[in-house]
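Observations on chain architecture
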Amino acid sequence: MRILLRILPFVFFIWLICYFFFSLGRKRALGDQKRKGESPPTKRKRVDSTVVEKDNN
């Protein structure tokens, strides 16, 4: 019985840490879903280019 009482707080502490990370992941996933509907900020510059073929004559 004493061993059980010593192990129980340790198991509870491990469960608390796992639940904390699980809830963080869930909050992040919900935030990502909300941001999917918005237009993403584009930091890339768009460059239109054409290919010019060289004449070998």
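The text that follows walks through the structure, step by step, so that each part is easy to find. Quick caveat: nothing in here was measured; it's all calculated off a predicted structure.

For the protein chain, the helix and strand inventory stands at one helix and zero strands. By the burial criterion, 2% of the 57 residues in the protein chain qualify as buried. By element, 61% of the accessible surface of the protein chain is carried by carbon and sulfur atoms, the whole surface being about 6,800 Å².

Moving on, we come to a nonpolar patch on the surface. Where nonpolar side chains cluster on the molecular surface, the patch consists of I3, I7, F10, V11, F13, I14, I17, F20, F21 and L24 and spans about 1,000 Å² of accessible area. With respect to the secondary-structure elements, V11 resides in helix α1 (residues 2-36).

Okay, the packing of aromatic side chains next. Under the counting rule described, the total for this entry stands at three aromatic pairs. Ring centres of W15 and Y19 lie 5.4 Å apart, and the angle between their planes is 15°; this geometry places the pair in the stacked category. You can see W15 and its partner Y19 sitting in helix α1, four residues apart, about one turn around the helix. The partly exposed category is assigned to Y19, whose relative accessible area is 41%. An aromatic cluster of at least three residues, connected via ring pairs, comprises F12, W15 and Y19.

Conventions adopted
Residues numbered from 1 in each chain as written. Predicted model: local features only at pLDDT ≥ 70, side-chain atom pairs only at ≥ 80, totals over all residues. Heavy atoms only, no water. Helix = DSSP H or I, 4+ residues; strand = E, 2+ residues; numbered from the N terminus. Buried < 20%, exposed > 50% of the residue type's maximum accessible area, 1.4 Å probe, protein only. Areas by Shrake-Rupley, 256 points an atom, 1.4 Å probe, with all protein chains shown as cover. Patch = residues over 30% accessible without salt bridge, like charges linked within 9 Å, V, L, I, M, F, W, Y side chains within 5 Å. Salt bridge = Lys/Arg side-chain N within 4 Å of Asp/Glu carboxyl O. Phe/Tyr/Trp six-rings, centres within 6.5 Å; stacked < 30°, edge-to-face > 60°.

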